[in-house]
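This is what each chain is made of:
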Amino acid sequence: MLNGQSLKEVSREYGVSSSNLILWRKKYSNINTQSDEIVTLDDFKKLQKELALAKEECAILKKALTHICQLNKIP
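Residues numbered from 1 in each chain as written. Predicted model: local features only at pLDDT ≥ 70, side-chain atom pairs only at ≥ 80, totals over all residues. Heavy atoms only, no water.

Caption draft 1: Quick peek at the overall build of the protein chain. When its secondary structure is counted, the protein chain shows 3 helices and 2 strands. Sequence-ordered secondary structure for the protein chain, helices as α and strands as β, is α-α-β-β-α. Overall, the C-alpha framework of the protein chain stretches about 75 × 25 × 15 Å when taken along its three principal axes. Residues classed as buried in the protein chain amount to 8% of the 75 residues present. Residue pairs at least 24 apart in sequence account for 3% of intrachain contacts in the protein chain once pairs closer than 6 positions are excluded. Summed over its atoms, the accessible surface of the protein chain is roughly 6800 Å², and 58% of this surface lies on carbon and sulfur atoms. Averaging the coordinates of the 12 positive side-chain charges in the protein chain and doing the same for the 9 negative ones gives two points 10 Å apart. (Helix = DSSP H or I, 4+ residues; strand = E, 2+ residues; numbered from the N terminus. Buried < 20%, exposed > 50% of the residue type's maximum accessible area, 1.4 Å probe, protein only. Contact = heavy atoms within 4.5 Å. Areas by Shrake-Rupley, 256 points an atom, 1.4 Å probe, with all protein chains shown as cover. Lys, Arg positive; Asp, Glu negative; His and termini not counted. Charge placed at Lys NZ, Arg CZ, Asp CG, Glu CD.)

Right, here's the structure in full:
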C-alpha cells in the first residue's frame, strides 16, 4: 500500500482503521482514461450523473417527438 507496506502495517503505523484507508484510497486515487487524462473519483461520479441526466433528457425528447408526430400525422 505505502512503500511496500501492507494495509495492516500502515493502519497500525498511523492509527487509522483499514476500512478508512481503503475508503480514502478509493476517494483520492486518480483514474486514468484511455486518452491519458487523470480523473478523480468525484469527477467520475459527476460525469456519471451528467450522463444519466442526458440520457433521461434524450428519452423524454424522443417521447415528446413521437407524440408530436402522432398529433400531426407525420410518419
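This is not the end of the story, as more comes after the structure.
Caption draft 2: Highlighting the environment of Lys63. Tracing the backbone shows Lys63 in helix α3 (residues 41–71). Sequence separation of Lys63 and Asn32 is 31 residues, and the distance between their C-alpha atoms is 36 Å.

Caption draft 3: Here's a closer look at the environment of Phe44. Looking at the element boundaries, Phe44 is found in helix α3. Classification of Phe44 as partly exposed rests on a relative accessible area of 36%. Placed 15 residues apart in sequence, Phe44 and Ser29 show a C-alpha to C-alpha distance of 11 Å. The contacts of Phe44, once residues within four sequence positions are left out, are Ile31 and Val39.

Caption draft 4: Region of interest: the environment of Ser11. One can find Ser11 in helix α1 (residues 7–14). The class for Ser11 is buried, based on a relative accessible area of 14%. Separated by 10 residues in the primary sequence, Ser11 and Leu21 place their C-alpha atoms 7.3 Å from one another. Among the polar contacts listed, one links the side chain of Ser11 to the backbone oxygen of Val16, at a separation of 2.4 Å. (Polar contact = N/O pair within 3.5 Å; in protein donor to acceptor, adjacent residues only side chain to side chain.)

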